[in-house]
Amino acid sequence: YIEKSSKNKRLSTTKTTPQKTKSTSKKSSLSSTTTTTTTNTSTPTKSKATTILKNESEISKKKKHEREEDIGEEEPKKKNRRKSEKSEKSEKIEKSKSDKTKTTKSEISEKSKSTTKLEKSDGSEIKQTKRKRSSTKTKEEKVEEVEARKWWEETDDWRVGKKQNWKWRTLEHSGVYFPPDYVPHGIKMLYDGEEVDLTPEQEEWATYFARYLDTDHMKKDQFGRNFFNDWKPVLGKHHVIRDFAKCDFSPIHRYLKNEQEKRKNRTKQEKEEEKKSKKVIKDKYGYAMVDGFKEAVGNYTVE
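Residues numbered from 1 in each chain as written. Predicted model: local features only at pLDDT ≥ 70, side-chain atom pairs only at ≥ 80, totals over all residues. Heavy atoms only, no water.

## A few points about the pairing of strand β7 (residues 287-290)
The test is simple: At least two bridges found by DSSP between two strands are what make those strands a pair. Per the convention used, a helix needs a DSSP run of H or I reaching at least four residues, while a strand needs a run of E reaching at least two, with both numbered from the N terminus.
The pairing of strand β3 (residues 171-172) with β7 spans two bridges and is classified as antiparallel. Paired with E172 across the two strands is M289, which belongs to β7. Here β7 runs beside strand β8 (residues 293-296); their pairing, made up of four bridges, is antiparallel. Of the residues in β8, the one forming a bridge with V290 is F293. Counted along the chain from β7 to the antiparallel partner β8, the turn is two residues long, and its residue D291 has a positive phi close to 55°.

Laid out in structure tokens, this is it:
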């Protein structure tokens, strides 16, 4: 089998060789003819090619210019289309919202109509009384309006001579308000881990300081030192408390927190009674009559 295949290959090579020689001879003849023709027509073809290239470049420039003009005309049209589309969308959204509000109003009115008229088993209608809505009061207290003194409209020129720097002629005031006396709670503070007995005056000072345990004042050491320096004369020379670092006001602080929660959970009647009592005090001490005009006082309580 191998010998036959090798023989066939040899025969195929021998057959194809004369064909190649023929083709090469033909090509050589053609090339010789073309060279003769090109020598005669070399100059006119160059001028024609240059003119064709120029025409093509001009045509391409014209086409580019036309495309740019078309694009410039199309851009404002596209912008106008986008604006119109956006306006249409916004109008549709507004219409949908208005339709929803109308439908809700109509549904509410129908429900109210259906609920107002009720019928008994006999067929007679029942008159249903509508409840009035309670007016919601604002949390901020209404401040009493006081007529302002228009001193620029006064015609009485009494500030003459020695009275030039006078600010007022007559003053009527009830004085300052003294808060009620301190009521001792009996909660004992700790000193060096042990409970300490305090008088009502000493306890009042301790409760005053215990209110500031949760505040930023405790971050400053000077605040505690100043308090202890003022508290020492109230304690006395022979008192057990002598070092401020060993004092523990946490039991009094817990008591004050519990009292705050109780105040928050008061009833409405208790809150209204407290407001009335505060208003009576403010009407008496919170205003003064200056030259016959009512003037508000900033701070009238003694601390």
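Alright, that's what it looks like, and here's the rest.
## Observations regarding the sheet that holds β3
Reading across the sheet, the three strands line up as β3-β7-β8 and stay open at both edges, with antiparallel pairing between neighbours. Where the open sheet ends on each side, the last strands, each with one partner, are β3 and β8.

## Topic: the environment of L171
Threshold: Note on exposure labels: buried denotes an accessible area under 20% of the residue type's maximum, exposed denotes more than 50%, and partly exposed covers the range between, all computed with a 1.4 Å probe on protein chains only.
Relative to the assigned elements, L171 resides in strand β3. Among the residues examined, L171 registers a relative accessible area of 47% and is labelled partly exposed. Through-space distance from the C-alpha of L171 to that of G292 is 8.1 Å; in sequence the pair is 121 residues apart.

## Focus on helix α4 (residues 221-235)
Note the cut-off: Given the number of residues in a helix, its expected span is that number minus one, multiplied by 1.5 Å. What makes two residues a contact is simply this: any of their non-hydrogen atoms within 4.5 Å.
Between its terminal C-alpha atoms α4 stretches 21 Å, which fits the 21 Å expected from 15 residues at 1.5 Å a residue. Listed as buried for α4 are G224, F227, F228, W231 and L235. In this structure, the buried side of α4 is in contact with β4 (189-191) and α3 (200-210). One or two residues past the end of α4 sits G236, with phi positive at roughly 100°.

Shape descriptors only; they carry no functional weight alone.
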